[in-house]
Structure formats: structure tokens, C-alpha cells
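# Understanding the architecture of this molecule
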Amino acid sequence: MKYISTRGQAPALNFEEVLLAGLASDGGLYVPEQLPSFSQDEIASWAGLPYHELAYKVIQPFVSDCISDADLKRMVDETYAGFKHQAVAPLVQLDANEWVLELFHGPTLAFKDFALQLLGRLMDHVLAKRGERLVIMGATSGDTGSAAIEGCRHSDHLDIFILHPYKRVSEVQRRQMTTVMADNVFNIALEGNFDDCQQMVKDSFADQGFLNGLKLGAVNSINWARIMAQIVYYFAAALAVGGPHRPVAFSVPTGNFGDIFAGYLAKQMGLPIAQLVVATNRNDILHRVISGNDMSRGELVHTLSPSMDIMVSSNFERLLFDVYDRDGAAVSDLMARFRNEAVQLDQTRWDKVRELFDSYAVDDETTCQVIRQVHDESGYLLDPHTAIGVKAARECNRDSSVPMITLATAHPVKFPDPVVKAGLESPQLPEPMADLFEREERYEVLSNDLSVVQQFMASHVHKA
Ligand SMILES: *Cc1c(COP(=O)(O)O)cnc(C)c1O
């Protein structure tokens with residue numbers, strides 16, 4: 001399968017190249033030239049498969065010209081064997097036709113493990129085959145860093161450097177990163193804020209000379225392989241509630257539009273999805289575009305759902321590429337204007353977006369109320385991101401006879417503040433992490449200076 005850029009100017013790549021590339025050279029994002037699609041009968045025949053076997057079926061067409069079936073099978077098996085629930089992505093029922101899909105049974109208790117546990121293995125496999133090494137560099141305000149570190153810690157051909165703002169991430173999140181004692185894992189606590197961390201990563205990608213010939217790789221959701229891995233759980237959830245013969249609806253707490261975009265792809269690939277709800281917090285650019293055709297940067301607001309605190313949703317460009325009939329020049333033009341000003345989509349394009357998605361934005365106060373309300377109704381404890389999803393699902397639901405499934409993106413223990421604010425008891429760390437606060441930590445505090453960070457990296461990478 002070939003992958004092409006949303007801006008139409010970069011060379012087409014195969015899966016292996018796309019996996020290692022990250023952003024396209026024209027500034028666009030890679031998408032498959034043509035999506036695989038499955039018939040209703042084929043999807044129906046997957047009912048009851050264990051998660052890893054289903055993952056193999058869904059992912060295989062995307063990678064088959066680069067990775068052998070046996071290798072893919074092995075990597076997918078290993079990936080999901082590391083999850084702590086037999087079902088991998090269990091469904092919990094809240095009401096007659098209302099469900100929560102628990103995506104937090106991986107090593108870092110958040111949904112990013114679904115993709116990053118596989119990504120680390122895929123990258124390592126491809127690098128071994130090519131006899132190359134890659135240096136992963138990323139900035140995190142919390143979740144992505146720990147999931148990326150867990151995904152790469154066993155890789156022989158990767159070094160990973162994660163920058164977090166010194167003293168500005170929660171203790172649980174910091175410890176999830178800094179207690180990983182692997183000799184290819186480097187945590188940098190930067191004396192600056194999250195934006196400084198991101199800027200440093202951007203500048204380093206733009207000029208990689210400091211690595212003396214080694215290349216940087218990306219693990220954020222611009223990496224196509226992350227989106228690909230996330231398509232699987234939409235199929236799993238739909239099959240579990242009677243799909244494909246019965247359509248289902250999904251509500252997805254979203255920041256970068258990565259997770260919900262995977263749902264859109266599942267639908268394009270043949271899964272009957274009646275409704276896709278985009279759920280945001282006060283950082284609501286997606287809600288403003290979908291409901292009012294207003295694509296403009298707002299002020300960044302710090303909320304109780306920090307993993308969705310984002311001004312620009314980078315994966316939305318992948319959707320724009322489709323609604324602009326895959327016209328790379330039109331997308332390129334739109335994104336160039338968006339750098340400097342608020343933009344509107346052409347009316348017919350916006351109509352398509354509204355046909356595909358509903359949206360809703362939820363503030364902090366309501367988030368806490370929903371955590372309380374759902375706990376009162378069913379005894380179930382939601383994390384704040386998931387609470388936003390449940391609220392949006394209830395507000396936007398178009399047909400109560402269709403099962404509505406909200407994606408639970410994190411375990412509530414990761415974000416205790418809103419739980420306590422809701423008047424509930426803070427949950428306990430689950431068994432595998434019970435001793436997190438006793439473990440040894442390792443991280444380097446560095447000044448907010450590009451050359452200091454780059455020198456640290458250059459002196460710590462493992463050479464080929
Ligand atoms: C990353 C994250 C999100 C947002 O996911 P996107 O792919 O950016 O839409 C939502 N909830 C949690 C807990 C996350 O870690």
C-alpha cells in the first residue's frame with residue numbers, strides 16, 4: 001500500500017517509510033492512497049475473535065507489502081498480551097443502550113498504549129531489517145510521554161528522549177516516565193513550559209545535524225501507524241454489541257483528532273457506524289468548526305482534562321484532505337491561510353463535515369458533575385476525559401435505539417483532582433503500579449537552551 005501526503009507535494013511512501021518518517025516533507029500528513037474495505041459478511045465472520053486476532057485482520061492490509069504475516073501476527077500477539085484485562089478493550093454498560101469502552105488496561109493506563117505498544121515493536125522490527133537506528137524525540141505534558149517510553153523501552157534499535165516541563169507535570173505522570181530504568185530511555189526535565197519543550201522538538205526535527213547522521217523519529221499522532229492501530233477497537237466494540245448487522249454510535253473525547261479519525265476510517269472501511277460524536281473540553285476548536293464553521297485558534301485553557309488541552313488539532317488535516325476530495329493544493333492553501341488567520345471551509349465541504357460528525361464542548365464544572373452523576377446512577381467511576389465523552393454522547397444522541405459507546409481514554413486514577421472535586425474518593429493505584437511512589441527515578445534537569453539539550457542527546461545516543 002502506498003501512502004500520500006495531504007498537501008500533495010511529497011513523494012508517496014510505503015508503510016515502512018511512513019512508519020519512520022512522521023511528517024511529510026511538504027508539511028502534510030501521510031494517509032493511505034486507498035483504504036482497504038471489508039464486506040459485511042467478512043466483518044460478521046470476525047465476531048468472537050480475541051482482540052489480537054481481530055487486530056491482525058484489520059491491520060494486515062495496511063502493512064502487507066512490508067511486513068510478513070507471521071511477523072505481524074507475532075508483534076500484535078505480544079502487544080496485546082501485555083494488557084491487564086483478558087478482553088483487552090472491555091465494554092461496560094452504563095444504561096440500556098449506553099456503553100463505555102475501557103481503553104485503559106495497558107501499561108500506562110491510557111488508550112495511547114493501544115498504538116504505542118505496537119509502534120515500538122513495528123519500528124524496532126523495520127529498523128533491524130534495515131540495519132538502522134532511530135532516535136525518538138518527543139515533548140509531553142503527561143500521557144504521551146509515558147506511553148511512548150513504555151512502547152520503546154524494549155527496542156534494541158531505538159533511543160528515546162522525552163522532554164517534560166520541569167515541575168509542571170503531575171507526580172503520577174512524571175513517575176510513570178522517570179521510573180523506567182532502560183538504557184535507551186532518557187527523560188529530560190526542561191526548565192521551561194510545555195510550549196518550550198515542543199519548540200525544542202520542532203527545532204531539532206528541522207535541523208538534525210547535531211545527531212551526526214542519525215535520524216529523528218516521531219511518536220505523536222502525526223505518525224500514521226498510531227491511527228492505524230486505533231481503528232481496531234472500533235471494530236471490536238461494534239462486534240461486541242451486535243455489529244455489523246446492527247449500527248452503532250461512538251462518542252470520542254478528542255484533542256488532536258487522532259482517536260476519532262480512526263473511527264471515521266473504520267466507517268469508511270465498511271463498519272456500520274450511525275454516528276460519530278466529537279467531545280471536547282473548553283479547548284473547543286473542533287466543536288467550533290463542526291458546529292459553526294469557525295476554524296480559528298482560541299486561547300489555550302488549562303482544564304481538568306489536560307490531555308485534551310490543545311489549540312490546533314493536527315489530525316483534522318487528514319479529514320480535510322478527504323472532504324476536499326483529496327485535493328492537496330486546496331488543503332495546502334487552507335492550512336497556509338490558517339497559520340495567520342481564522343478560516344472557514346467552503347460551504348459544501350463544511351456540509352460534509354457536519355454530515356459525518358456531531359460535536360459538543362464540556363466545561364470543568366460539568367465534567368465534575370457528570371463524574372458524580374454517573375457514579376450515583378451506576379457506581380461507575382469515570383476519568384474526566386471519559387466524562388466529557390459521556391456528556392457529549394448524551395447531548396448529541398440522535399437515535400436511542402442505536403448503542404452509544406463512549407471511549408474511556410484513561411483510568412480515573414491518573415486524574416484524581418476532578419474525582420475529588422466531584423465529592424468522591426480518590427481511586428487507588430491498580431496492582432501493577434501500587435509501588436510507583438517507592439520506585440527509583442532517573443531524569444536530567446536541563447536549562448531551556450537548544451544547544452544544551454542537543455549536546456545531551458548527542459552524547460547519550462547509541463551509535464549504529
Ligand atoms: C491523548 C488523549 C486524548 C486525546 O486523544 P487524541 O488522539 O488527541 O484525540 C484523550 N484522552 C486521554 C486520556 C488522552 O491521553
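Residues numbered from 1 in each chain as written. Predicted model: local features only at pLDDT ≥ 70, side-chain atom pairs only at ≥ 80, totals over all residues. Heavy atoms only, no water.

The next subject is the site of the ligand. Around the ligand there are 15 residues in total, and Lys112, Asp143, Gly255, Asn256 and Thr409 lie nearest to it. For the ligand, an oxygen atom lies 3.0 Å from a polar atom in the backbone of glycine 255. When the ligand sits alone it has 380 Å² of accessible area, and the protein chains cover 96% of it. Taken together, the residues that form the shell around the ligand break down as five nonpolar, seven polar and three charged. (Near = heavy atom within 4 Å. Polar contact = N/O pair within 3.5 Å; in protein donor to acceptor, adjacent residues only side chain to side chain. Areas by Shrake-Rupley, 256 points an atom, 1.4 Å probe, with all protein chains shown as cover. Nonpolar A, V, L, I, M, F, W, Y, C, P; charged D, E, K, R; others polar.)

If you check UniProt for "domain: Tryptophan synthase beta chain-like PALP" (unreviewed entry), the listed places come out as residues 90–333 in our numbering. For residues 90–333, helix accounts for 41% and strand for 20%, while the C-alpha atoms at its two ends are 42 Å apart. (UniProt positions renumbered as here; feature names shortened; annotations may be inferred. Helix = DSSP H or I, 4+ residues; strand = E, 2+ residues; numbered from the N terminus.)

Taking the UniProt record as the reference, the feature "modified residue: N6-(pyridoxal phosphate)lysine" (unreviewed entry) is found at Lys112. Tracing the backbone shows lysine 112 in helix H5 (residues 112–130). Among the residues examined, lysine 112 registers a relative accessible area of 11% and is labelled buried. Those residues in contact with lysine 112 that sit more than four places away from it in its chain are Asp143, Thr144, Ala147 and Arg226. (Buried < 20%, exposed > 50% of the residue type's maximum accessible area, 1.4 Å probe, protein only. Contact = heavy atoms within 4.5 Å.)

Within the structure shown, the criterion is met by 26 salt bridges. Taking the shortest distance from any N to any O, the salt bridge between glutamate 78 and arginine 74 comes out at 3.7 Å. Of this pair, glutamate 78 and arginine 74 both sit in helix H4 (residues 69–81), four residues apart, which is roughly one turn of that helix. Linking arginine 175 and glutamate 171 is a salt bridge whose minimum nitrogen-to-oxygen distance equals 3.0 Å. One end of the pair is arginine 175 and the other is glutamate 171, both in helix H7 (residues 171–178) and four residues apart, which spans about a single turn. Given a relative accessible area of 38%, glutamate 171 falls into the partly exposed group. Ionic contacts of the salt-bridge type, sharing partners, join the residues Glu16, Lys129, Arg130 and Glu132 into one network. (Salt bridge = Lys/Arg side-chain N within 4 Å of Asp/Glu carboxyl O.)

Right, let's talk about the nonpolar core for a bit. Among the nonpolar cores identified, the biggest contains 110 residues, and Phe15, Tyr51, Phe235, Phe250, Leu319 and Phe357 are the most heavily contacted of them. Examining the composition of this core, we find that 14 residues originate from one element, helix H9 (residues 224–240), more than from any other. In this structure phenylalanine 250 touches Tyr234, Ala237, Ala238, Ile273, Gln275, Leu276, Val277, Met404, Ile405 and Leu407, once residues within four positions along its chain are discounted. Counting residues in hydrophobic clusters, the runner-up holds 19 residues, among them Leu163, Leu211, Leu214 and Val461. (Core = buried A, V, L, I, M, F, W, Y, C linked by side-chain atoms within 4.5 Å.)

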